[in-house]
Amino acid sequence: MKSHLWTGLKLTFIMVAVTMVAYPLFIRAVAALAVPGHGNGQEVWKDGRLVGFRQVGQSFTWDRYFTGRPSAVNYNAAGSGASNLGPLNPDLLRAVLQRADTLMAHNPGLPLSGIPADLLTASGSGLDPDISPQAALVQVPRIARVRNLPPSVLAGLVNRCTTPPLAGCLGPATVNVLELNLMLDRMK
Amino acid sequence: MNTEMIGIMVIVGLTFAMALPLGKYIAKVYLGQPTFLDFLSPIENCFYKICGIHPNREMDWKSQLRAFLGLNLIWFLLGMGVLMLQGSLFLNPDHNPSMSPDLAFNTAVSFISNTNLQHYSGESGASYLSQLVLVFFQFVSAACGIAACVLVFQAMTTRVAGKLGNFYRYFMLTITRILLPLSIVLALILSFRGVPMTFRGKQTLITLQGDTTRVSRGPAAAMIAIQQLGTNGGGFYGANAAHPLENPDYLTNALECISILLIPVALIFALGFFPDAKGLSRMIFFVMLAGFLILAVPAIYFELHGNPALTHSGISPGQGNMEGKEVRFGAGASALWGVMTTVTSNGSVNSMHDSFMPLSGMTEMMGMMVNCFFGGVGVGFLNFYIYMIIAVFISGLMVGRTPELVGKKIEAREMKIASIIALLHPFLILCAAALAVHADLSRHITGWLTNPGYHGFSEMLYEYSSASANNGSEFGGINANTPFWNISDGMVMIFSRYLPIIGPVAIAGLLAGKKRVPESAGTLRTDSGTFGLMVLAVIVIIAALSFFPALSLGPVAEHFTLYR
């Protein structure tokens, strides 16, 4: 056993050098040299100011912006998390109906059955950057009213901001909320 | 057919399509045949020399196990040390605090045992140094499992009695020839798709709407690659692969999902390239595939059909059950991941299992309770091997023949070991869960569970299933960072990691020492479909008999309340 421990100690030392030092440093080096954004995340700038990361969702509560997914951690990007409410938990139903009420109050004319589920349920990470195209389209009348823009133009904008399924046929279509709202700001 | 379903099928199809050539390559690596990575052998030889390892020296099974346990003891001490001191060590730009002893114990055990149950949140609970130590554990724990598995392959297929090979050689080759090259490829693809790989700390910024927020980054890409490939599952961020920086789009999701199942499947294919094991490999593959599909199909069905409790209130079920899920994956691919990560002992999640429909949560628990429908890298096969021995024994008794497995007689000693190992898993899960329920009810320790009623019980049952299956996923609503859970989970993980490796290696070692019985008309064929069904029946009977009562108190009761 003693000889195994001594061998093991040396082997551990080598494996630390390979997998804990060399491997991450190699990936880091390639990321720093070749990856857009240098491995620091895809930064989004507006008027010379860092306003977010493309892939990290942020909270939009103003009527003039498209709203994203509800978040159990209030879009805390330093502490991701979900509600973890079970399907039968009364708190889940309460939270969902409350969100529906808020949405219907801000979007008059939107029926309960017309609200896509992604606007009512909290995401897995609390930082979901996307909503479904449907969820963006149901908000168009509100934005049109607040911003005084024709709905057809906004619908076109949502269309342009929609990422189609991968290779046209794999997985759902998505709309990046931060990107959409940036484009929206640029329209004026 | 909608794009979600096509996506799921492409992911599953690609997994098996990629596992076949990988399996062939893996077999070549261990059988010492030439491969395109042979230019690495001078480096490996240099490592062997430094460590004093003679890679071609035969080790008996006891010596192999000593090597394995010695390494794990060293890693445990290293892990405890770093995690308890991380607050005052280097590479800690966010000034995260050191772990408490019980949390460090849980985390160290969890990572050396390939479980990766995380009672901390990566953003605030681990320094970058700790994360890198955990990356090291993710490599070596996976390599230990694969090395033990290859040992058993070797023992089963060798014609020379007692020839098992060398644990250190298997371990080294697993890292240099399999895990490291695959991880480099995957980590590079991930970082090109936007997964951070940086040593900078959190970025403070003001959002478009004017809120101040801090964004965690870190050397994530390196970890995520090995986390998926080594069936580790321990993510960089608290939300694991649901976090958009850990899994930014559908492509990364597909690749990570494939990586979860890739090596476990490839190892089964690899067995087929060992001498005379083609039929055996085929039988094992189809049994595992059947088990996987039996669990995956209902989970996908229920997640795509939404939550009836919400539908009754007038909410559209169109997108499926989206609570705890991300839009870019959709409900279907999230359910597929949920099953893939639990049938293998991976445990990374791209959606929150706590919010799954009751029966999809149950299929996930069943994946962990059976723990050999592909299973963890290496150890999945070892668990299956135990079931195979039991099946051989039972069928031998049924037809009145001496039970043999690949020409070796199964006798009382092997059967005793196999029975103990097969019963250990339900014993640990059920006893620990009973203890937790007792503690919860009698001592009124509140604040453990997020959900009331049946689902609260499921949270506790899931926690120990995950610990005992060395899985690492959780019903996240459980507040498990308490001394009770840290220590009890830690103990469960230790027993359920080491005994199910020691047992099969011991059996294989004992069998390898026996004379090969020539095949005759009286031999029970272990590569036939009939025997496959027999193994499946044994698995179902053991799992169903031991776990059905507990499952009916949790997910089954919840299902009938929900779908009343």
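Residues numbered from 1 in each chain as written. Chains lettered and ligands numbered in written order. Predicted model: local features only at pLDDT ≥ 70, side-chain atom pairs only at ≥ 80, totals over all residues. Heavy atoms only, no water.

Undergrad: Residue-level account of the environment of Pro317(B), with values.
TA: All names here are of chain B. Following the sequence through the fold, Pro 317 ends up in the loop between helix 11 (308-311) and helix 12 (330-343). For Pro 317, a relative accessible area of 35% translates into the label partly exposed. In this structure, Pro 317 is in contact with Leu 304, His 305 and Thr 311, ignoring residues within four places of it in sequence. (Helix = DSSP H or I, 4+ residues; strand = E, 2+ residues; numbered from the N terminus. Buried < 20%, exposed > 50% of the residue type's maximum accessible area, 1.4 Å probe, protein only. Contact = heavy atoms within 4.5 Å.)

Undergrad: Give me the lowdown on the state of the cysteines, citing residues and values where you can.
TA: Residue and element names in this part refer to chain B. Scanning the entire structure with this criterion turns up zero disulfides over all chains. Here Cys 51 stays free of any disulfide, with the sulfur of Cys 46 as its closest cysteine sulfur at 9.1 Å. Taking relative accessible area as the criterion, Cys 51 reaches 1% and is therefore assigned buried. The thiol sulfur of Cys 149 is not disulfide-bonded, and the nearest other cysteine sulfur, from Cys 372, lies at 13 Å. When its relative accessible area of 0% is taken as the criterion, Cys 149 is described as buried. (Disulfide = S-S within 2.5 Å.)

Undergrad: Which residues make up helix 2 (residues 41-51) of chain B, and what values go with them?
TA: Burial in helix 2 of chain B covers these residues: Glu44(B), Phe47(B), Tyr48(B) and Cys51(B). All buried residues of helix 2 of chain B fall inside an arc of 100 degrees around its axis, so they share one side. Opposite the packed face of helix 2 of chain B, turned more than 90 degrees from it, sit the exposed residues Pro42(B) and Lys49(B). Along its buried surface, helix 2 of chain B packs onto helix 1 (2-34) of chain A together with helix 7 (167-192) of chain B. Count one or two residues on from helix 2 of chain B and you reach Gly52(B), which has phi positive near 75 degrees. (Arc of directions from axis to C-beta.)

Undergrad: Provide a residue-level description of the sheet that holds strand 4 (residues 162-163) of chain A, including the pertinent values.
TA: All names here are of chain A. Across the sheet, which stays open at both edges, the three strands sit in the order 3-5-4 with antiparallel pairing between neighbours. For this open sheet the edge positions go to strand 3 (130-131) and strand 4, each flanked by a neighbour on one side alone. As judged from the two bridges shared by strand 4 and strand 5 (residues 174-176), these two strands associate in the antiparallel manner. Across the sheet, the residue bridging to Thr 162 is Val 175, located in strand 5. Where helix 6 (residues 177-186) meets the sheet, it contacts strand 3 and strand 5, and its direction lies at approximately 60 degrees from that of strand 5. (Pairing = 2+ DSSP bridges. Axes fitted to C-alpha atoms, helices over the stretch in contact; angles between N-to-C directions.)

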